[in-house]
Amino acid sequence: MKNMKTEIISKQKITSVIKARIFELSNLLALKEKALKNAPSGNLRISRSNGSVQYYLRDNQESSRGKYIISANKSLAKQIAQKDYDKKIINAAREEIKILNHSLGKYVNLQKKNHLAESIFSKLNILRQGLINPVLLSDEDYAKQWQEISYEKKSFSEDTLTYTTARGDLVRSKSENIIADTLARMHVPYRYEYPLELTAERGQKITIHPDFMCLNLKTREEFFWEHFGMMDNPEYSERTVQKLSLYAKNGFFPGKNLIITTETVACPINTKSIEKIVELYLKRDIE
């Protein structure tokens, strides 16, 4: 299972998009209903005569031709045209909101009953699951299969100081331990020092081991997370710049598919800031 990327939009994204559209239309509806109260009465008739455009105001008491609007009063024609347009917008918005609310209710009900297509695989007997290549997976099944990917980990030398995470992984620093435990506590799947092959400046292939590879379950996006913990060391900082340049050359950019945290002796990382980063990149939907 080398590549698990999918074009399927997550259920969280679907509901959030529908809710955002309802909110947008509701605001528009309120705005146009308010404008309609101050709009002039009557309807607009437009005709062309001898190459010029003429505007007529019609109401229930006027003839079908309507009352001619002189050119000096063209603003009245604009107001009436705007009113006619706003009426159509109001009708369309009301109809769309009605349909979206109905669809959202039905969709949420399917989620509650666990009747979405993603749930089919998890409902099968485990023996039957082993015979099937699923095309859609629930978040739980996707995370499980993503987490079970085997890879060759970077070795630890005998004199390396190690820390054990809550999940039982060995990491190389206290800060990495904080990051790992925060990811686990916030239910973000991660792989520690997962190998990544990059193309160096002269075209040669090199393999590096980013601190973490993380999965945003809502979007199925993968992020690499690098923590640079000795930024007050000039040589370390220079290597950091070189590494970030290598990432950029290979299409990895902060905020897009790369997360970067830094610290110095005087300014260490803290759990609160890590939690905010996790919420921003690893718990959000696609914009």
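Check the entry above for the structure.
Values in this document were obtained by computation on a predicted structure and should not be read as measured data. (Residues numbered from 1 in each chain as written. Predicted model: local features only at pLDDT ≥ 70, side-chain atom pairs only at ≥ 80, totals over all residues. Heavy atoms only, no water.)

(A) Spatial organisation of the packing of helix H1 (residues 11–37) against helix H2 (residues 74–112). Taken N-terminus to C-terminus, the directions of H1 and H2 make an angle of 150°; their axes are 9 Å apart at the nearest point. In this view, H1 runs roughly antiparallel relative to H2, as classed from their interaxial angle. Judged by the sense of rotation from one axis to the other, the crossing of H1 with H2 is left-handed. Partitioned by chemical class, the residues of the contact of H1 with H2 number 15 nonpolar, five polar and 10 charged. (Axes fitted to C-alpha atoms, helices over the stretch in contact; angles between N-to-C directions. Helix = DSSP H or I, 4+ residues; strand = E, 2+ residues; numbered from the N terminus. Parallel < 35°, antiparallel > 145°, perpendicular 65-115°, else oblique. Left-handed = near helix turned anticlockwise from the far one by under 90°. Nonpolar A, V, L, I, M, F, W, Y, C, P; charged D, E, K, R; others polar.)

(B) Focus on the pairing of strand E10 (residues 221–228). The buried count for E10 comes to six of eight residues, which makes it a mostly enclosed element. Taken together, strand E9 (residues 212–216) and the strand that follows it, E10, pair antiparallel across an intervening segment of four residues, in which Arg220 is found at a positive phi of about 65°. Where E10 and strand E11 (residues 258–262) come together, five bridges link them in parallel fashion. Looking across to E11, one finds that Phe224 is bridged to Leu258. As a crossover connection, the stretch from E10 through helix H7 (residues 234–249) into E11 is right-handed. (Buried < 20%, exposed > 50% of the residue type's maximum accessible area, 1.4 Å probe, protein only. Pairing = 2+ DSSP bridges. Right-handed = clockwise from strand over helix to strand, strands pointing away.)

(C) The sheet that holds strand E6 (residues 190–192), seen in detail. Pairing within the open sheet is mixed, and its four strands lie in the order E6-E9-E10-E11. Edge positions in the sheet fall to E6 and E11, since each of these pairs with one other strand and no more. Put simply, the sheet's adjacent strands are angled 20° from each other on average, direction ignored. One ladder, built from three bridges, connects E6 with E9; its direction is antiparallel. Directly across from Tyr190, in E9, lies its bridge partner Cys214. Packed onto the sheet, helix H6 (residues 174–185) meets E6, E9, E10 and E11 and runs at close to 20° relative to E9. (Contact = heavy atoms within 4.5 Å.)

(D) Quick look at H7. Over its 16 residues, H7 extends 23 Å from the first C-alpha to the last, a length consistent with the 22 Å expected when each residue adds 1.5 Å. Residues of H7 that are buried: Tyr236, Ser237, Thr240, Leu246 and Tyr247. Structurally, H7 contributes buried residues whose contacts are with strand E7 (196–199), strand E8 (205–208), E10 and E11. N-capping of H7 is provided by Asn233, with a side-chain oxygen placed 3.0 Å from the backbone N of Glu235. The positive-phi residue at the C-terminal boundary of H7 is Gly251, with phi of around 85°. (Expected span 1.5 Å × (residues − 1). Polar contact = N/O pair within 3.5 Å; in protein donor to acceptor, adjacent residues only side chain to side chain.)

(E) Molecular detail of the environment of Gln54. Mapped onto the elements, Gln54 comes out in strand E2 (residues 52–58). Spatially, the C-alpha atom of Gln54 lies 61 Å from that of Lys276, the residues being 222 residues apart in sequence. Apart from residues lying up to four places away in sequence, Gln54 is in contact with Arg45, Ile46, Ser47, Ser49 and Tyr68. A distance of 2.8 Å separates the side chain of Gln54 from the side chain of Tyr56, its partner in a polar contact.

(F) Summary view of the pattern of salt bridges. With the rule as written, the count across this model stands at nine salt bridges. Close ionic contact of Arg21 with Glu96 constitutes a salt bridge, the shortest N to O distance being 2.7 Å. In this pair, Arg21 is assigned in helix H1 and Glu96 in helix H2, connecting sequence segments 75 residues apart. Taking relative accessible area as the criterion, Glu96 reaches 27% and is therefore assigned partly exposed. A salt bridge links Glu193 to Arg172; its shortest N-O distance comes to 2.6 Å. Within this pair, whereas Glu193 is found in the loop between E6 and E7, its partner Arg172 is found in the loop between strand E5 (170–171) and H6, the two being separated by 21 residues in sequence. A relative accessible area of 3% means that Glu193 is categorised as buried. Note on Arg172: relative accessible area 23%, which makes it partly exposed. Salt bridges linked by common partners bring Arg21, Glu24 and Glu96 together as one network. (Salt bridge = Lys/Arg side-chain N within 4 Å of Asp/Glu carboxyl O.)

(G) View of the packing of H6 against helix H8 (residues 271–282). With their axes 10 Å apart at the nearest point, H6 and H8 run at an angle of 50° to one another. Here H6 lies oblique to H8, going by the angle between them. The interaxial crossing formed by H6 with H8 has right-handed handedness. Of H8, the residues touching H6 (which contributes Ile178, Ile179, Thr182, Leu183 and Arg185) are Thr271, Ile274, Glu275, Val278 and Leu282.

(H) Just the sheet that holds strand E1 (residues 43–49), in detail. On the basis of which strands lie adjacent, the open sheet formed by three strands has the order E1-E2-E3 and antiparallel pairing. On the outer flanks of this sheet lie E1 and strand E3 (67–69), each paired with one strand and no other. Sheet twist, expressed as the average angle between the axes of neighbouring strands with direction ignored, equals 40°. Sheet analysis places E2 next to E3, joined by three bridges and oriented antiparallel. For Leu57, the partnering residue across the bridge sits in E3 and is Lys67.

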